[in-house]
Amino acid sequence: MWTGYFNRHSACLDLEIHASNRQDQSIKIPAIIDTGFTGFVQIDIQMTHALGWLSGGLSIGTTQIADGKTIPIGLFQSPVIIQDDSVTGLCQFPLRPNAPCLVGMDLLRRAERVLVMSKDKVFLLEEKRLNLSGP
C-alpha cells in the first residue's frame, strides 16, 4: 500500500526520480494524482536539468491538454520510486516552465494500484490484494 496525502485541495504522492547518468543521484518530487492525465508522470522542465535528461535519451512528442490544445513535450523513459517500489514508464515535461508535477493513470495501471480516498486520507492499494473479481 502506498500512502498519499492532500495538499490544499488535491490528492498527492511523493515520487523519487533518478538522474539519467547517475543512479545515486535523484530528486524527490511531490506530485498531484491527476485521474484526468492519461500519461505516466509529468514534471516541470526545470527539474530535467538536475536529472540530466536534456543531455541524452530525450525524445520530443506532443500531447493534447484539457482545453483541447496540442503542445510539444519532452519524453524520457525512467523508473520512478514510490515508497520503495519502482515503476518504469515514459515521463514527460512540457517545453515551458512552471508545469505542475503529476502522477497519471498510466503509472497507476502499470503499478496495478487502486486509488482510494476519503475526506482526508489517500491510499493506493495493490489490486492483486483486493478481491475485485467481476461477474
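Residue indices follow the written sequence of each chain, beginning from 1 at its first position. In keeping with the model being predicted, local features are shown solely for residues with a pLDDT of at least 70 and side-chain atom pairs are shown and tallied solely at 80 or more, while totals for entire chains, interfaces and linings include all residues. In computing side-chain properties, one takes all heavy atoms of the structure into account and sets aside hydrogens as well as water.

Q: So what's going on with the overall build of the protein chain? Residues and values would help.
A: Secondary structure assignment for the protein chain yields two helices and 11 strands. Secondary structure elements are taken from DSSP: a helix is a run of H or I of four residues or more, a strand is a run of E of two residues or more, and numbering for both begins at the N terminus. Secondary structure elements of the protein chain, listed N to C terminal, follow the sequence β-β-β-β-β-α-β-β-β-β-α-β-β. In terms of overall dimensions, the protein chain has C-alpha extents of about 45 × 40 × 35 Å along its principal axes. Residues classed as buried in the protein chain amount to 39% of the 135 residues present. Taking the contacts inside the protein chain whose residues are at least 6 apart along the sequence as the reference set, 55% of them involve residues at least 24 apart. The Shrake-Rupley method, run with a 1.4 Å probe, gives the accessible areas here. Residue values count only the displayed protein chains as cover. Accessible surface, the protein chain: about 8000 Å² in total, of which carbon and sulfur atoms supply 50%. His is not counted here, nor are the chain ends, while Lys and Arg score as positive and Asp and Glu score as negative. Lysine's charge is taken at NZ, arginine's at CZ, aspartate's at CG and glutamate's at CD. Across the protein chain, the 12 positively charged side chains and the 13 negatively charged ones have centroids separated by 3 Å. Each residue gets one of three labels from its accessible area relative to the maximum for its type: buried under 20%, exposed over 50%, partly exposed in between, using a 1.4 Å probe on protein chains only. When checking whether two residues touch, look at their non-hydrogen atoms; a contact exists if any pair is within 4.5 Å.

Q: Give a detailed account of the nonpolar core, specifying residues and quantitative values.
A: Side chains of a nonpolar character, in soluble globular proteins, are inclined to be buried together. As used here, the term nonpolar core means buried Ala, Val, Leu, Ile, Met, Phe, Trp, Tyr and Cys residues forming a set that is joined through side-chain atoms within 4.5 Å. Val41, Ile43, Val80 and Leu107 are the most contacted members of the largest nonpolar core, which has 27 residues in total. Among the elements that make up this core, the one with the highest residue count is strand β3 (residues 11–18) (four residues). For Val41, the contacting residues outside a window of four places in its chain are Leu15, Ile17, Val80, Leu90, Cys91, Gln92, Leu102 and Leu107.

Q: Just give me the short version of unusual backbone geometry, but keep the residues and values in it.
A: With a phi angle near 45°, Gln83 is a residue other than glycine that sits in the positive phi range. Phi angles above zero are rare outside glycine, and Asn98 is one such case at about 70°. The exposed category is assigned to Asn98, whose relative accessible area is 65%.

Q: Could you give an account of the environment of Cys91, naming the residues involved and the relevant values?
A: Looking at the element boundaries, Cys91 is found in strand β8 (residues 85–94). Between the C-alpha atom of Cys91 and that of Phe40, which follows or precedes it by 51 residues, the distance is 5.9 Å. Residues in contact with Cys91, not counting those within four places in the same chain, are Phe40, Val41, Trp53, Gly74, Leu75, Phe76, Ser78 and Val80.

Q: Account for the sheet that holds strand β10 (residues 113–117), naming residues and giving values.
A: For two strands to be treated as a pair, DSSP must find no fewer than two bridges joining them. Pairing in this open sheet of three strands is antiparallel, and the strands run β1-β11-β10 from one edge to the other. Edge strands, defined here as strands with exactly one partner in the open sheet, are β1 (2–3) and β10. Pairing geometry for β10 and strand β11 (residues 122–126), over five bridges, is antiparallel. Along β11, the bridge assignment pairs Arg113 with Glu126.

Q: Could you give an account of the side chain of Gln42, with specific residues and numbers?
A: Examined against the element boundaries, Gln42 turns out to sit in strand β5 (residues 41–42). Accessibility expressed as a relative area gives 9% for Gln42, which makes it buried. Among the polar contacts listed, one links the side chain of Gln42 to the side chain of Gln92, at a separation of 3.4 Å. When near neighbours in sequence (up to four residues on either side) are disregarded, Gln42 contacts Phe37, Gln92, Pro94, Ala99, Pro100, Cys101 and Leu102. N or O atoms within 3.5 Å of each other form a polar contact, as long as, within protein, one can give a hydrogen and the other can take it, and as long as residues adjacent in sequence are counted only when both atoms are side-chain atoms.

Without other data, these values stay purely geometric and don't point to any function.
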